[in-house]
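Given next are the chains, with one letter for each unit.
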Amino acid sequence: MDAIQIIISLVLSFSIVLSLVQLECWSAWLSGEKLSEHMATIIEPFRIKSVEPLNFTSREERSDILKNADHNLFLVHSDHVLIDLLTDSGTSAMSAKQWAGIMVGDESYAGSPSFYRFEEATRKITGFKHVIPTHQGRAAEKIIFTLLGGKGKYFVSNTFFDTTRGNIEYSGAEAHDFLTEAGKNPGLIADFKGNMDTVALEAFIREKGAENIPMCVMTITNNSGGGQPVSMQNMKETAAICRKYGILFFIDACRFAENSYFIKLREKGYADKSVLEIAQETFSLADGCTISAKKDALVNTGGFLAMNDDAMTQEAKNLLIITEGFPTYGGLAGRDLEAIAQGLEEVLDEDYLRYRLRSIEYMGEKLSAAGIPMILPTGGHALYLDAKAFMPQIPPHEFPGVALANALYLQGGIRGVEIGSLMFGKYDADGGHVAPPMELVRLAIPRRVYTQSHIDYVCEVIIEVFQQREQYSGYRIAYESPC
Ligand SMILES: Cc1ncc(COP(=O)(O)O)c(C=O)c1O
């Protein structure tokens, strides 16, 4: 054998080895298993093409920043925040395809093809006949509650989000929550802590009279209740009660994809259904929905109102024109409609949802192992620290949640939001403090923005603050806006 023959036979045997490796991979693919499915580490199902720098500050600088902001984290400039967990709303990283959609968005005042793409994407998931784009979720709420609200009316929900409640109360009507008992117990591990208490709901309908209750709203996932999911069974039971009494059943569907994936993971009979099928079944139970696209549509602005009723849609469009814009763009630009259409497709990707729910669960597991008190199980979009148990030396009227949120910023430049006595506390007739049931700090995780090492860093900071928790003291309100 001469040198050329030796080289040829080496190349041939190398190719045979390579093709065998490929055969190994193909056999996994043919068996239906994705190559990474057996691995314990669930990775971010994307790679990064465009980056934004994070700004580091020293502890001394952060101490001055807090003083200058009067210890109100909403007044801190975001370029002084290292990891911003203030909200998951409007903070998603858009994909290359969404940015491409931004470039092809058609800005015609009427009849833009971008609207029709948006309409098709929303119809495919929700099945509703009419869809009306708005600049964000609360604009859709404003329209529907202006139409249906008013003095003497009652609206019911598992838990109203605060803008929804605000729009109802602004119309003169009352908003009532019927959260299941399990949802009120932060430490209780249960699958669907966002559910409606259907017994209490029906009793309320009988007491007030169905004719005074225009609508029931199911919030999925239940944001104010800790991002906890609602089961399909509970939605079916609630929809049946609404049908029985002739009450409209709407879904506040900001996080419909996260809720659908929880159903797939946790509810009997749904493991083999796709998230799209579960979402379609969810919406098929309802008469309509309001959505803030800033969550599960993976965009930075937008929302919509969708429903089947022709007459109510016409009235809603009349209001839309004087508040938001013409019905084929609402409060949005054509480019925003393109990005929403694309985002609605991407959010149903189960690799994405698996990573999304896992990243919050992972954070919960790490913190629980260190003894950090929080709402359990972790929800779909945020982790809620139990500030009362974290800093028991601070009484509710001295705002333990504010103390904890300030401590996390001072220690590591992390921004969360207090959900407790500052946000929901009230004064009694003598000016005394009436505390809400829980003192929480919400750490909301923006979609596709931070990686596992960012989450590890956040856990490290929380654990450090926990180890020094005795050194923190409370706050008092120095100035309060009169309204
Ligand atoms: C459950 C729920 N409903 C409604 C809204 C309001 O949406 P937007 O902020 O787009 O007005 C939010 C926002 O966080 C929400 O979480």
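What counts, and where the lines are drawn
- Within each chain, residues carry numbers counting from 1 in the order of the written sequence.
- The predicted origin of the model limits local features to residues at a pLDDT of at least 70 and limits the giving and counting of side-chain atom pairs to 80 or more, whereas totals for whole chains, interfaces and linings rest on all residues.
- Side-chain calculation: all heavy atoms of the structure are included, whereas hydrogens and water are not.
- Strands qualify as paired when DSSP identifies two bridges or more between them.
- Secondary structure is summarised from DSSP: a helix means a run of H or I of at least four residues, a strand means a run of E of at least two, and numbering begins at the N terminus for each.
- Convention adopted: a line fitted to C-alpha atoms gives each axis, helices being fitted over their contacting stretch, and angles between N-to-C directions are expressed from 0 to 180 degrees.
- Whether two residues are in contact is decided by their heavy atoms, any of which lying within 4.5 Å being enough.
- Think of a salt bridge as a Lys or Arg side-chain nitrogen and an Asp or Glu carboxyl oxygen that are within 4 Å of each other.
- Relative accessibility decides the category of a residue: with a 1.4 Å probe and only protein chains considered, values under 20% of the type maximum give buried, values over 50% give exposed, and everything between is partly exposed.
- What counts as a ring pair is set by centres within 6.5 Å for rings of Phe, Tyr and Trp (its six-membered ring), and what kind of pair is set by the plane angle: stacked under 30 degrees, edge-to-face over 60, tilted for all other angles.
- For a lysine, the NZ atom is tested; for an arginine, the CZ atom; a charge sits over a ring if that atom is within 6 Å of the ring centre and within 35 degrees of the ring normal.
- One heavy atom within 4 Å of a molecule or strand makes the whole residue count as near it.
- Throughout this description, a polar contact denotes any pair of N or O atoms lying within 3.5 Å of each other; where both atoms belong to protein, one of them has to be capable of donating a hydrogen while the other can accept it, and for residues adjacent in sequence the pair is counted only when both atoms sit in side chains.
- Every accessible area reported is derived by Shrake-Rupley at a probe size of 1.4 Å, with residue values counting cover from the shown protein chains alone.
- Here the nonpolar group is Ala, Val, Leu, Ile, Met, Phe, Trp, Tyr, Cys and Pro; Asp, Glu, Lys and Arg are the charged ones; every other residue, Gly included, is treated as polar.
- The patches described consist of residues with a relative accessible area above 30% and no salt bridge, like charges being joined within 9 Å and nonpolar side chains (Val, Leu, Ile, Met, Phe, Trp, Tyr) within 5 Å.
- Note that the arc is computed from the directions linking the helix axis to the C-beta atoms.
- Each residue gets a pLDDT score, which is the predictor's confidence in that residue and runs from 0 to 100.

Peer 1: For the sheet that holds strand E4 (residues 174-177), give the residues involved together with the corresponding values.
Peer 2: Working definition: the strands of a sheet are paired by backbone hydrogen bonds and lie parallel or antiparallel to each other. Pairing within the open sheet is mixed, and its seven strands lie in the order E2-E8-E7-E6-E5-E3-E4. Strands with a single pairing partner mark the edges of an open sheet, and in this sheet they are strand E2 (130-134) and E4. Averaged over all pairs of adjacent strands, the angle between strand axes in this sheet comes to 20 degrees, irrespective of strand direction. Here E2 runs beside strand E8 (residues 303-307); their pairing, made up of five bridges, is antiparallel. Opposite Thr134, over in E8, you have Gly303 as the bridge partner. Set on the sheet, helix H6 (residues 162-170) makes contact with strand E3 (154-157), E4 and strand E6 (248-252); between it and E4 the angle comes to about 145 degrees.

Peer 1: Tell me about the pattern of salt bridges, residues and numbers included.
Peer 2: What the rule picks out here adds up to 23 salt bridges. Linking Arg356 and Glu258 is a salt bridge whose minimum nitrogen-to-oxygen distance equals 2.9 Å. Of this pair, Arg356 sits in helix H13 (residues 350-369) while Glu258 sits in helix H9 (residues 256-266), and the two are 98 residues apart along the sequence. Of the two residues, Arg356 and Glu258, neither departs from the other in class, the shared state being buried.

Peer 1: Which residues make up the packing of aromatic side chains, and what values do they have?
Peer 2: Taken as a whole, this structure holds 13 aromatic pairs when the rule is applied. Relative to Phe118, the ring of Phe115 has its centre 6.0 Å away and its plane inclined at 45 degrees; by these criteria the two rings are tilted. In this pair, Phe115 and Phe118 both sit in helix H4 (residues 113-126), three residues apart, roughly one turn of the helix. Here Phe118 falls in the buried class, since its relative accessible area comes to 0%. Where Phe178 meets Phe204, the ring centres are 5.1 Å apart and the plane angle is 55 degrees; that geometry is what we call tilted. Of the two residues, Phe178 sits in the loop between E4 and helix H7 (198-208) while Phe204 sits in helix H7, which places them 26 residues apart along the sequence. Both residues of the pair, Phe178 and Phe204, belong to the buried class. Members of the aromatic cluster, connected to one another through ring pairs, are Phe115, Tyr116, Phe118 and Phe304. The ring of Phe466 has Arg469 lying over it, and the distance from NZ or CZ to the ring centre is 3.9 Å.

Peer 1: Explain the site of the ligand residue by residue, including any values.
Peer 2: Around the ligand sit 14 residues in total, of which Arg138, Asn223, Asp252, Ser292 and Lys295 are the nearest. Ser292 is positioned with one of its side-chain polar atoms (N or O) 2.6 Å from an oxygen atom of the ligand. Considered on its own, the ligand offers 390 Å² of accessible surface; in the complex 97% of this is hidden by protein. For the shell around the ligand, the element with the highest residue contribution is helix H5 (residues 137-148), accounting for three residues. Here the shell around the ligand is built from residues that sort into two nonpolar, six polar and six charged.

Peer 1: Please set out the sheet that holds strand E14 (residues 440-444) residue by residue, giving values where relevant.
Peer 2: Taken together, three strands build an open sheet; the order of strands is E9-E14-E11 and the sheet is antiparallel. Single-partner strands in this sheet number two, and they are strand E9 (382-386) and strand E11 (417-419). Strand-to-strand twist in this sheet, taken as the mean axis angle between neighbours without regard to direction, amounts to 30 degrees. The pairing of E9 with E14 spans five bridges and is classified as antiparallel. Counted as the bridge partner of Tyr384 is Arg442 from E14. Its contacts with the sheet put H13 on E9 and E14, and the angle it makes with E9 is roughly 25 degrees.

Peer 1: Can you break down a nonpolar patch on the surface residue by residue, with the values?
Peer 2: The grouping of Leu422, Tyr427 and Ile477 at the surface amounts to a nonpolar patch, some 290 Å² of accessible area in total. In this fold, Ile477 is placed in the segment after helix H17 (452-467). For Ile477, a relative accessible area of 31% gives the class partly exposed.

Peer 1: Kindly report on helix H3 (residues 96-104), identifying the contributing residues and their values.
Peer 2: All of the buried residues in H3 are Gln98, Gly101 and Ile102. Along the axis of H3, the buried positions cluster into a sector of 105 degrees, meaning they face one direction only. Turned more than 90 degrees off the buried face of H3, the exposed positions are Ala96, Lys97, Met103 and Val104. On its buried side, H3 packs onto helix H12 (334-346).

Peer 1: Hey, could you go over the pairing of E4 for me, with residue numbers and the actual values?
Peer 2: Bridge count between E3 and E4: four bridges; the pairing is parallel. The residue bridging Val156 from the neighbouring strand is His176, located in E4.

Peer 1: So what about the confidence of the model for the protein? Which residues, and what values?
Peer 2: Here the protein averages 93 in pLDDT, while 92% of its residues score no lower than 70. With pLDDT under 50 throughout, residues 18-30 is counted as low confidence; its partners more than four residues away or in other chains account for three contacts.

Peer 1: So what's going on with the environment of Thr378? Which residues, and what values?
Peer 2: The residue Thr378 is located in the loop between H13 and E9 in this model. Separated by 86 residues in sequence, Thr378 and Glu464 place their C-alpha atoms 21 Å apart. With near-sequence residues (within four places) excluded, Thr378 lies in contact with Gln228, Phe262, Ile360, Glu361, Gly364 and Leu383.

Peer 1: Tell me about unusual backbone geometry, and please be specific about residues and values.
Peer 2: With an omega dihedral of -25 degrees, the bond running from Ile220 to Thr221 counts as a cis peptide bond. Structurally, Thr221 is set in the loop between strand E5 (215-219) and helix H8 (232-245). For the bond running from Leu376 to Pro377, omega is -10 degrees, close enough to zero to count as cis. Turning to its location among the elements, Pro377 is positioned in the loop between H13 and E9.

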